[in-house]
Each structure stands twice: as structure tokens, then as C-alpha cells.
Amino acid sequence: MLSYYLIIKKSYSTKSKLSKNFYFSYNVVNLSTICYLLKLLAQLDPLLKDIIRKMYKDTMRKVINRSGAIKYILAIAPLLLTLGLLSYQILIVGGAPHIPLILGVAIASLFGIIQGNEWQDIQKGISVSITRSIPVICIFMAVGMTIGSWILSGTVPLFTKTGLSILEPSTFLPMTCIVCAIISVATGTSWGTIGTLGLALLGIGESMGIPAYLCAGAIVSGAWFGDKMSPLSDTTNFAAGIVGTNLYAHIRNMLPTTIPSILVALIIYFLIGKEYTSDIAESGGVELLSDTLDQTFIFNGWLLAPPLVILITIIRKIAPLPGIFMGVVTAGIVAIAVQGATLADVLNVLMLGYDSQTGVTQIDQLLSKGGIMSMMWVISLVMIALAFGGVLEQTGALSTILDPLIKKLNSRSKLVLATLLATFGFNLTSNAFVAYTIPGRMFTPVFRGMKLSSANVSRLLEDGATMTAPLIPWNSGAVFVSGTLGIPTLSYAPFAFANWIAPLIDIFWGMTGWFMPTASDEELTSWEEADEQIIVNGVSVSATEFINSGAAKPSGSDY
């Protein structure tokens, strides 16, 4: 084996420049095969196991490192193959991304083993990565219970009824945006808002003579604003969890881009909507929805107790998980005391969700959701996505891909732009959850190295993936919107102002440094406790080394 390696080296030096890469790649394959067979044979003799294993790992690393091109190809190949599988599954088959990601874990592991990594080490990387998601998974389950209990208690129906009651003909477009935002914040789902109340509002708007693409743009802007800002949203929790930042810190840090973008959108909708003044009374859609809610639920001030409890926990800076659970308990009590539900009803809804049977399709679709089981699709995807990221990290694939790029990211503005573009790029080729996972794992260490809070990364992930999902015609978000509302994506996308303004504001904050918070002492401590990776000037250092060097001392926050 050693002789073979020397022959490769000698032959490589005598080849022409044109054929070096091909010749070297061919022999690398042969050598890797020989090395791997020797490694398998070592299992038959325990005395030789450690010796041959060390020879295999050392030889493979030397051979691979001999050519930067070969090393980079082996690192990026699992990523490209997985993206290809994801694109086929999502764009052509129209299926869920779970199985392609599982295959991606297997592919990345195989490439890692070929490069000399032990399966035990790869498995450890998977375990460590998934372990980090346990708090997020717990929050997902709490969110599922919250949605179900808030519907049973009448809290979500109250928000829906209030939103419908504030519609006025002359301000239909901005009010539509606001109503969809309210419902989306209350339920934590943009898709649910689009498929229920959004569909009803579209019909009302068309009956007033407002073009469907304008109505759809206002509906999408409001629905995705609420989805992005709701502590009940799966995407909000996922984006915060993937970079390891506090949920409420993540939501607070999204305000500098979300509030300006929605305000600009509302102003534009108000100016456009002044041209349309038809009488809304011509449509009985609002009355039907409102009357149905009145017949199904009892409305009074006690229904505001669950969100007030959540608000108090946020003000008192109580951790998200116990805070959300306190809201669940409060909603359960309100459901029993006000709506006449039994304890069995509450427990069943917490597990399986609320089942609405009013007979009005739009109301039933809006309210039939929630429960722990409703979150299992997302929870399983979170675990698989993090397993994939864990393999790429453990095998060194991410660092190999990232290192050349990091050396060029020598300023805050470049880092912000690169993160947004990478997130948007993954959203183009797969879906939002993949767009959160890979760029989040890749760029968070660089933000840490610049003494910037991880909340900056989670905000960019939301603006680059969550907000752009309904604007990409083949993305699942856009497919759902266009399929549900019956309007082509490219027709409504220019009028979904809040969705594409938010990333532009991010770029501006990156250039000025405004609203880009530095890491707090508490966050620095959490980095050290979790032994998070930190990249400073293209070099990876441990959190302890980073903090002890004094480089992590915040120079003051802009936010």
C-alpha cells in the first residue's frame, strides 16, 4: 500500500498538467479501495485492527489533502446529491423532504467513511446535533398543545371574529393584511390563514371590484408576517433553534426588519385601495363566518387570558417552554369554565387537536388543527435535518466548503449578504427547513467570530427563507398559495410587499451596523457551556479560547 502511494506520487509528478487531475483522481479511487479492503480484513485479526485502521486513516487523509480539488469534491458531493434528491422529491414528485434527507445522511456518512472517518465518530456527530434540538422539539409539542387549547377555549375564534369586524370598504387592502396578520400570529400558521380566512377575503375583495392579484398580495404579506412573528410558528421556533438563540430574543430581533416592511406595505395598500370603494355588504361571506362563530363559541373577556399570560411571561423573561405551557394550562381552564368543555375534551385536544364540525367549510378548515400529533411532521423533519448537518460537521465537509468563502467574508455587510443569498439559494432548490439548516450551521460560527449575536443569523434565515417562500413559483409555499387562491405566483408576488422588502432592509442594516446586536455576556456563557464552534478570520477556535483571549468582549450593541 505504501509502495502504491509512492508510485502515485512519482507518476503524478511526471504527468502533463492537463492530465494530472484525472490521473490522480483515478489512482485515488484505486488506493481508497485497497485501503478500505485492508480495513475490512483487519476485523479478522484484532491485533492488526488498530494498526491498519491508523494506516488507512493517515493514508487517506494524506492522499485527499494532496489535491485541494479532490478534497473539495468529496466535501461538496454529498450536499449536491442530497439537493438533487430534494429537488426531485419536492418539485417533481411533490412529496415531503424527509426521505431525501435520510438518504442524504447515508450519502454524507459514506463519503465520510471513505475519507477515513469512523462510523462511531459520525454517529456521535449525529447524536450531538440532534441533542441540541431537544429544547426546540419540546417547544414544538407545547406549541401544538397551545393551538388546540386556544381554539377550544375560544381565544383563536375571538381573534378571527375581531379581524372580520374591522373590515371597511375604503381600506379593504390594508385591513385584509392586518386581519391575516392577526390570525396568523394567533394560530402560528400562514398556510392555515391562506386556506381559510384568506380564501374568504379574496372572494370579498373580488366582489368589490379589487383585482385578485392585489388581494392575494395583501393576504400573503399579512399571513407571512404573522407566521414569522408568532411564537407558535414552527418556522419561528426552527430558525431560533437551529442557531441556538432564545425564541423571544429571536422574535425581538426580527422587529427592525419586520415592522418597517409591514408598515411600508400597509401604506402602499392604503394608497392603492383608495381607488376601490364598492359596498362590502354585497358579500355575505363575513356575516356567515361571524354568525357561525357566535353560534359555536361563547365570547367574553376571559378568552384573552391565555395570550395575556404569554405576554406576562415574555415581559418577565420566563423561558419559552414553561411560558408557553402556562398559556396551555390557562387556555384549558378557560375552555372548561367558559366554553363548558370537560377535562377529557381538553386532554384529547392537547393530544389530537381540535376538530371543528360547524358545517361551514372555511371555519372548519381554520379551526381543525393543533395537538401534539400535528407537530410530528415538523419534529421528524427537524431531527433528520439536524442529523444531516451533524454528519457534514463531523466529517469536516462543512468546514472544507466554508473555509474558502469565510476568508472573503471580512466585513459585516458581506457576511449579511452572503447569508441571505445562501438562504435564498437553498430555498430555490429545496424548501425553507433545509434553507434554515445548512446556511444556519455554516454561517453562525462566523457571526460569533465577529462578536455578533446569533439572533442576527436567525433573523436572516427568516427573511431569506420564510418570507421568500411564497415568492418562488416552485417552492411549496408558493405552490400552496397559488393552488389555494387560484392566482399565479408571478401575478401576486410583486404585490406581496412585506415579503420582499424585509430582506432589503436586512442588507441596509448590515451596511450601517444598525440593529445588529452584539453577543451579550449571557450568550457568551451559553457558547462556552455548549462548546460552540467560533470562526475568527477564517480560523476555527473553541468558545473558551475565544472568550479567554478577550476577543469576545462586546464593543457595544447597536440594538
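Residues numbered from 1 in each chain as written. Predicted model: local features only at pLDDT ≥ 70, side-chain atom pairs only at ≥ 80, totals over all residues. Heavy atoms only, no water.

1. Section: the overall build of the chain
Using the following cut-off: Here a helix means four or more residues in a row that DSSP labels H or I, a strand means two or more in a row labelled E, and each is numbered from the N terminus. Under the scheme applied here, a residue whose accessible area is under 20% of the maximum for its type counts as buried, over 50% as exposed, and between as partly exposed, the area being computed with a 1.4 Å probe on protein chains only. Contacts were defined at the residue level, with two residues in contact if any of their heavy atoms lie within 4.5 Å. In these tables, accessible area is a Shrake-Rupley quantity obtained with a 1.4 Å probe, and a residue counts as shielded only by the protein chains included in the view.
Looking only at helices and strands, the chain features 28 helices and two strands. Within the chain, buried positions represent 55% of all 559 residues. Put simply, 76% of the contacts in the chain that link residues at least 6 apart link residues at least 24 apart. Summed over all atoms, the accessible surface of the chain reaches about 23,700 Å², with 66% contributed by carbon and sulfur.

2. So, the environment of Gly 112
Assignment of secondary structure puts Gly 112 in helix H5 (residues 98-114). Through-space distance from the C-alpha of Gly 112 to that of Gly 396 is 8.3 Å; in sequence the pair is 284 residues apart. Sequence-distant contacts of Gly 112, that is, excluding residues within four places in its chain, are made with Asn 117, Ile 122 and Thr 395.

3. Quick word on the nonpolar core
This is how it is decided: We define the nonpolar core as a collection of buried residues of types Ala, Val, Leu, Ile, Met, Phe, Trp, Tyr and Cys that are connected through side-chain atoms lying within 4.5 Å of one another.
Counting 134 residues, the largest nonpolar core has Leu 367 and Phe 443 as the members making the most contacts within it. In this view, Leu 367 contacts Ile 151, Val 156, Pro 157, Leu 293, Phe 297, Tyr 354 and Ser 356; residues no more than four positions away in its chain are not counted.

4. Side note on the pairing of strand E1 (residues 533-536)
Side-chain direction in a regular strand flips from residue to residue, so the side chains alternate between the two faces of the sheet. Worth spelling out the cut-off: Here the rule is simple: two strands pair whenever DSSP picks up at least two bridges between them.
Taken together, the four bridges between E1 and strand E2 (residues 539-542) define a ladder with antiparallel strand orientation. The residue of E2 that forms the bridge with Gln 533 is Ser 542. In sequence, E1 turns back onto E2 through a hairpin of two residues, with Asn 537 there showing a positive phi of about 55 degrees.

5. Quick notes on the confidence of the model for the chain
Condition: Note: pLDDT gives the predictor's confidence per residue, expressed from 0 to 100.
Across the chain, the average pLDDT comes to 80, with 80% of residues at 70 or higher. For the chain, the element scoring lowest by mean pLDDT is helix H1 (residues 2-14), at 46; helix H26 (residues 497-512) scores highest, at 95. This stretch, residues 1-9, has a pLDDT under 50; its non-local contacts, to residues over four places away or in other chains, come to 14 contacts. Low confidence marks residues 554-559, where pLDDT is under 50. Its contacts with residues over four positions away, or in another chain, come to 18 contacts.

6. Digging into the pattern of salt bridges
The condition that has to hold: Any carboxyl oxygen of Asp or Glu that lies within 4 Å of a side-chain nitrogen of Lys or Arg is treated as forming a salt bridge with it.
This structure, assessed with the given rule, holds three salt bridges. Across the pair Asp 463 and Lys 228 runs a salt bridge whose closest N-O atoms are separated by 2.4 Å. In this pair, Asp 463 sits in helix H23 (residues 455-466) while Lys 228 sits in helix H11 (residues 212-229), placing the two residues 235 residues apart along the sequence. Across the pair, exposure class does not vary: Asp 463 and Lys 228 are buried alike. Residue Arg 459 pairs with Asp 506 through a salt bridge whose shortest N-O separation is 3.2 Å. In this pair, Arg 459 sits in helix H23 while Asp 506 sits in helix H26, placing the two residues 47 residues apart along the sequence.

7. Some details on the side chain of Asn 456
Topologically, Asn 456 is positioned in helix H23. Those residues in contact with Asn 456 that sit more than four places away from it in its chain are Asn 253, Phe 447, Phe 515, Met 516 and Pro 517.

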